[in-house]
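# Chain and residue survey
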Amino acid sequence: MQDYDVVIVGAGHGGAQAAIALRQAKFDGTIAVIGDEPDLPYERPPLSKEYLAGDKPFDRILIRPASFWQERGVEMLLGREVTAVDPVAHRVMTADGKSFGYRHLIWATGGAPRRLTCAGHDLAGVHTVRTRADADRMMAELAHVERAVVIGGGYIGLEAAAVLAKFGKQVTLLEALPRVLARVAGEPLSRFYEAEHRASGVDVRLGVAVDCILGRDGRVSGVRLADGEIVPAEMVIVGIGIVPAVAPLLDAGAAGGSGVAVDAQCRTSLADVFAIGDCALHANAYADGAAIRLESVQNANDQATVVAKTIAGQDAAYHAVPWFWSNQYDLKLQTVGLSSGHDAAVLRGDPATRSFSLVYLKKGRVIALDCVNAVKDYVQGRKLVESGAVVAPERLADATVPLKEM
């Protein structure tokens, strides 16, 4: 049994940033990071982009080299899964029977990919993209794959489809809703990306339901749709969201449900226990104060810094503008703000030029922007979102006028 001043559960972006920020805040207590993967903390977004495409080796997506953690006295306890929390004794228990004490606990576990429940979901060749091991398994099989089916038209699915198309695979993308990115973007952006993928050879199918995954000798051979059609495939990639990994905290009595509830300092309802990143259910000013989870690197890093300052005795509260990005083909999408609940969307520029923005309004206020190959709009639009600026739609639509003048 070992005791630490701070135990961080989760070795992703949030967990790594929490340890870094603690040392930056001059915290000199003992720190341990417990991660269920064997690898040092690494960047997740490249898994479905540059890493899967072979453009970046693993050492280039490490958040910091091994020497960094050693020099700062951060103990890495990797390949261990935390299965239980005792909030009274201030201890966490791992699947291998070990127990670790904490003065402060930071829960940064993110989530697990949501999996299909239909017949055949567990066949060889059916993949999710969440860890290095997931991407490595896919890469090992690619040479023997001619046809791939991607289930889910969110960012993960679209990014994976783009990489597979780049490799010359025959790709079919299946989305249950009437358009891709339906939960996170306006229709003009959805239609633009559908057209881009189709132009690159991806068979984008909308409003379709999966009946089951078919297999031969234990390996995937195709996907049967609800209407009976069979789409042949040697590989299936499932990108239908995540399930927040919070069961041990909820079992220990923490408030929450789809995520664990936290306050402005990211404290849970359990004494001396914080939660950050994808699994943290927090009231967000850019969602009109609604309790939401934000699945983004930026959110994990910002919340980690707030917790580190709080533990170090400094005043801090979470209030950050959400931002996201996605790389597909030669398109860089940058998003700032949250567009959910918008009542108007203004197109700025011409999608045919492959450089444009979509500005989202709610009751006249600018609440978010989606910028495709439009970095200036992204940088300048951030201030409009932060201030909740009220700008006439016809002005926003005039791409000849810089947003900073508004």
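In case you missed it, the structure is sitting above this.
### Re the sheet that holds strand β18 (residues 259–261)
- With respect to topology, four strands assemble into an open sheet ordered β17-β18-β20-β21, the strand pairing being mixed. Across the chains shown, the open sheet's two edge strands, defined by having one partner strand only, are β17 (256–257) and β21 (291–292).
- Looking at chain direction, β18 and strand β20 (residues 280–283) are connected through two bridges and run parallel. Counted as the bridge partner of V260 is A280 from β20.

### Some points on helix α4 (residues 132–141)
- Looking only at α4, the buried set comprises D134, A135, M138 and E141. The buried residues of α4 all sit within an arc of 130° when viewed along its axis, so they share a single face.
- Taken together, the buried residues of α4 touch α2 (50–53), β8 (126–127), β13 (219–225) and β15 (235–238).

### Re the packing of aromatic side chains
- If you walk through the whole model with that rule in mind, you get six aromatic pairs.
- Ring centres of F192 and Y193 lie 5.3 Å apart, and the angle between their planes is 85°; on these two criteria the pair is classed as edge-to-face. By the burial criterion, F192 is buried, and Y193 matches it.
- Taken together through their ring pairs, the aromatic side chains of Y42, Y51 and F58 make up a single cluster.
- Over the ring of Y42 we find R44, and its NZ or CZ is 4.1 Å from the ring centre.
- The ring of F58 has R132 sitting right over it, with the charged end atom 3.7 Å from the ring centre.

### Quick word on helix α9 (residues 375–387)
- The end-to-end C-alpha distance of α9, which contains 13 residues, comes to 19 Å, matching closely the 18 Å that a straight helix rising 1.5 Å per residue would cover.
- The sharpest bend along α9 comes to roughly 30°, located at G381.
- Elements in contact with the buried residues of α9: β22 (323–328), β23 (331–337), β24 (344–350), β25 (355–362), β26 (365–372) and α10 (393–397).
- Looking one or two places after α9, you find G388, whose phi comes out positive at around 60°.

### Here's the deal with the sheet that holds strand β10 (residues 170–175)
- The strand order across the open sheet built from five strands is β8-β15-β9-β10-β11, with neighbouring strands paired in parallel fashion. Every interior strand has two partners, whereas the edge strands, β8 and β11 (203–206), have only one.
- Examined bridge by bridge, β8 and β15 share two bridges and lie parallel to one another. Within β15, the residue paired with V126 across the bridge is V236.

### Concerning the environment of Q334
- Mapped onto the fold, Q334 is located in strand β23.
- Once the C-alpha coordinates of Q334 and V375 are considered, the two residues, 41 residues apart in sequence, prove to be 7.6 Å apart.
- If near-sequence neighbours (up to four positions away) are discounted, Q334 is found in contact with F324, W325, L369, D370, C371, V375 and Y378.

### Here's the deal with the nonpolar core
- Core analysis: the biggest nonpolar cluster contains 40 residues, and L173, L189, Y193, I237 and V372 have the highest contact counts within it.
- Sort the elements by how many residues they give to this core and helix α5 (residues 155–166) lands first, with six residues.
- Setting aside anything within four residues of it in sequence, one finds I237 in contact with H127, V129, M138, V149, V150, I151, A160 and L164.

Conventions and cut-offs
- Residues numbered from 1 in each chain as written.
- Predicted model: local features only at pLDDT ≥ 70, side-chain atom pairs only at ≥ 80, totals over all residues.
- Heavy atoms only, no water.
- Pairing = 2+ DSSP bridges.
- Helix = DSSP H or I, 4+ residues; strand = E, 2+ residues; numbered from the N terminus.
- Buried < 20%, exposed > 50% of the residue type's maximum accessible area, 1.4 Å probe, protein only.
- Arc of directions from axis to C-beta.
- Contact = heavy atoms within 4.5 Å.
- Phe/Tyr/Trp six-rings, centres within 6.5 Å; stacked < 30°, edge-to-face > 60°.
- Lys NZ or Arg CZ within 6 Å of the ring centre and 35° of its normal.
- Expected span 1.5 Å × (residues − 1).
- Bend = angle between axes of the 7 residues up to and from the residue.
- Core = buried A, V, L, I, M, F, W, Y, C linked by side-chain atoms within 4.5 Å.

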